[in-house]
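# Fold and contact review
Okay, here's what each chain looks like letter by letter:
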Amino acid sequence: KLHRRARRIRRSLGELRNADVMVELASDLMRRLSPAERTVLRPFFSRLQSEAAGLRRRAIHRRAPPVPGVRKRIERLLKDLPNSSVKTLDSRGDEFLSKRIHELSKELECARRDGPTAMHRLRIAVKRYRYALEFLERAGRKELRVAIRETRNLQTELGHLHDLDVLLEILRKERPVPATRRLELRLRTERKSQIEKTRGVLADSQDLLARLSLQSQTGSAT
């Protein structure tokens, strides 16, 4: 039930969230352009705003499900479990984390080429790993808090990178004019900077790197 509820919430809000992020990112970029460039790109920006507003109206019309918390449900569930079940949860939790780390390791290797699709898959792998960490932390695994903090930071930077890639893809579909070309070059420069920032956050994620190293050793031994 928790899984179905979370999936329903994600699907109902995901498209609207992406549209809002694109408007916010484009607004920030527009402020840094010259008046002439802003004039040329105004129709493009207006269309992004219109699409976001339309998605919001449709969400309100269909009464998208609310965003209820699941933490209290998890806590009540754990309270009713016998101690043996909690121990089993710890054991299964470690197996689950190992699986998520394996997925993350594979996507990290693919993402070394910095392609948008590979980076998007890495972002999803990091997000899935973070969700597993947060669930187990709520189940009593307090030692995972550092790992959660590191993973959130990495997911945030990968999210910024994904937003730039999405806006670049939207921009490529526009009629090419000097202003859109300059904006694309600016976005590509920002993307390179974001790649380096993301690599720096990954390099500082000591807990995650240790788990990736252990996963690599385990895989080699297998």
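Residues numbered from 1 in each chain as written. Predicted model: local features only at pLDDT ≥ 70, side-chain atom pairs only at ≥ 80, totals over all residues. Heavy atoms only, no water.

### A word on the confidence of the model for the protein chain
- For the protein chain, mean pLDDT is 81; residues scoring 70 or higher make up 88% of the total.
- Ranking the helices and strands of the protein chain by mean pLDDT puts helix H6 (residues 145-172) first, with 90, and helix H3 (residues 71-79) last, with 72. (pLDDT = per-residue confidence, 0-100. Helix = DSSP H or I, 4+ residues; strand = E, 2+ residues; numbered from the N terminus.)

### Regarding the packing of helix H5 (residues 116-138) against H6
- H6 packs onto H5 with a crossing angle of 150 degrees between their chain directions and a minimal axis gap of 9 Å. One way to sum up the angle between H5 and H6 is to call them roughly antiparallel. Crossing of H5 against H6: the hand is left-handed. Of H6, the residues touching H5 (which contributes Pro 116, Met 119, His 120, Leu 122, Arg 123, Val 126, Lys 127, Tyr 129, Arg 130, Leu 133, Glu 134 and Glu 137) are Arg 145, Ala 147, Ile 148, Thr 151, Arg 152, Leu 154, Gln 155, Leu 158, Gly 159, Leu 161, His 162 and Asp 165.
- Classifying every residue of the contact of H5 with H6 gives 11 nonpolar, 5 polar and 8 charged. (Axes fitted to C-alpha atoms, helices over the stretch in contact; angles between N-to-C directions. Parallel < 35°, antiparallel > 145°, perpendicular 65-115°, else oblique. Left-handed = near helix turned anticlockwise from the far one by under 90°. Contact = heavy atoms within 4.5 Å. Nonpolar A, V, L, I, M, F, W, Y, C, P; charged D, E, K, R; others polar.)

### Points about the nonpolar core
- The biggest cluster of nonpolar side chains holds 25 residues, and the ones touching the most others in it are Leu 97, Leu 104, Leu 122, Tyr 129, Leu 133, Leu 154 and Leu 208.
- Put simply, the parts of the chain that give this core at least two residues each are helix H4 (83-110), H5, H6, helix H7 (178-203) and helix H8 (206-221).
- Here this core takes 9 residues from H5, the largest share from any one element.
- Each residue touching Tyr 129, except ones within four places of it in the same chain, is listed here: Leu 97, Arg 100, Ile 101, Leu 104, Ala 147, Thr 151, Asp 207, Leu 208 and Arg 211.
- One finds Leu 16, Met 30, Leu 183 and Leu 187 within the second-largest nonpolar core, a separate group that totals 24 residues. (Core = buried A, V, L, I, M, F, W, Y, C linked by side-chain atoms within 4.5 Å. Buried < 20%, exposed > 50% of the residue type's maximum accessible area, 1.4 Å probe, protein only.)

### Comments concerning H7
- Between its terminal C-alpha atoms H7 stretches 38 Å, which fits the 38 Å expected from 26 residues at 1.5 Å a residue.
- Those residues of H7 that sit buried are Ala 179, Thr 180, Leu 183, Glu 184, Leu 187, Arg 191, Gln 194, Ile 195, Thr 198, Val 201 and Leu 202. (Expected span 1.5 Å × (residues − 1).)

### So, the pattern of salt bridges
- Summed over all chains, the structure comprises 18 salt bridges.
- Between Lys 197 and Glu 157 there is a salt bridge whose closest N-O contact spans 3.8 Å. Residue Lys 197 is found in helix H7, and its partner Glu 157 is found in helix H6; the two are separated by 40 residues along the sequence.
- Its relative accessible area of 48% is what places Lys 197 among the partly exposed residues.
- Salt-bridge contacts for Glu 169 lead to Arg 172; the nearest nitrogen and oxygen are separated by 2.8 Å. (Salt bridge = Lys/Arg side-chain N within 4 Å of Asp/Glu carboxyl O.)

### Considerations on the packing of H6 against H7
- Packing of H6 against H7 leaves a shortest axis separation of 9 Å and a crossing angle of 165 degrees. Classed by the angle they form, the pair H6 and H7 counts as roughly antiparallel. In this structure, H6 meets H7 at a crossing whose hand is left-handed.

### Things to note about a positive patch on the surface
- A cluster of basic residues, Lys 1, Arg 4, Arg 8, Lys 72, Arg 73, Arg 76 and Lys 79, forms a positive patch at the surface.
- Of all elements in the fold, only helix H1 (2-31) and H3 reach the threshold of two or more residues within the positive patch.
- With 4 residues, the top contributor of residues to the positive patch is H3.
- Owing to a relative accessible area of 79%, Lys 1 belongs among the exposed residues under this scheme. (Patch = residues over 30% accessible without salt bridge, like charges linked within 9 Å, V, L, I, M, F, W, Y side chains within 5 Å. Areas by Shrake-Rupley, 256 points an atom, 1.4 Å probe, with all protein chains shown as cover. Lys, Arg positive; Asp, Glu negative; His and termini not counted. Charge placed at Lys NZ, Arg CZ, Asp CG, Glu CD.)

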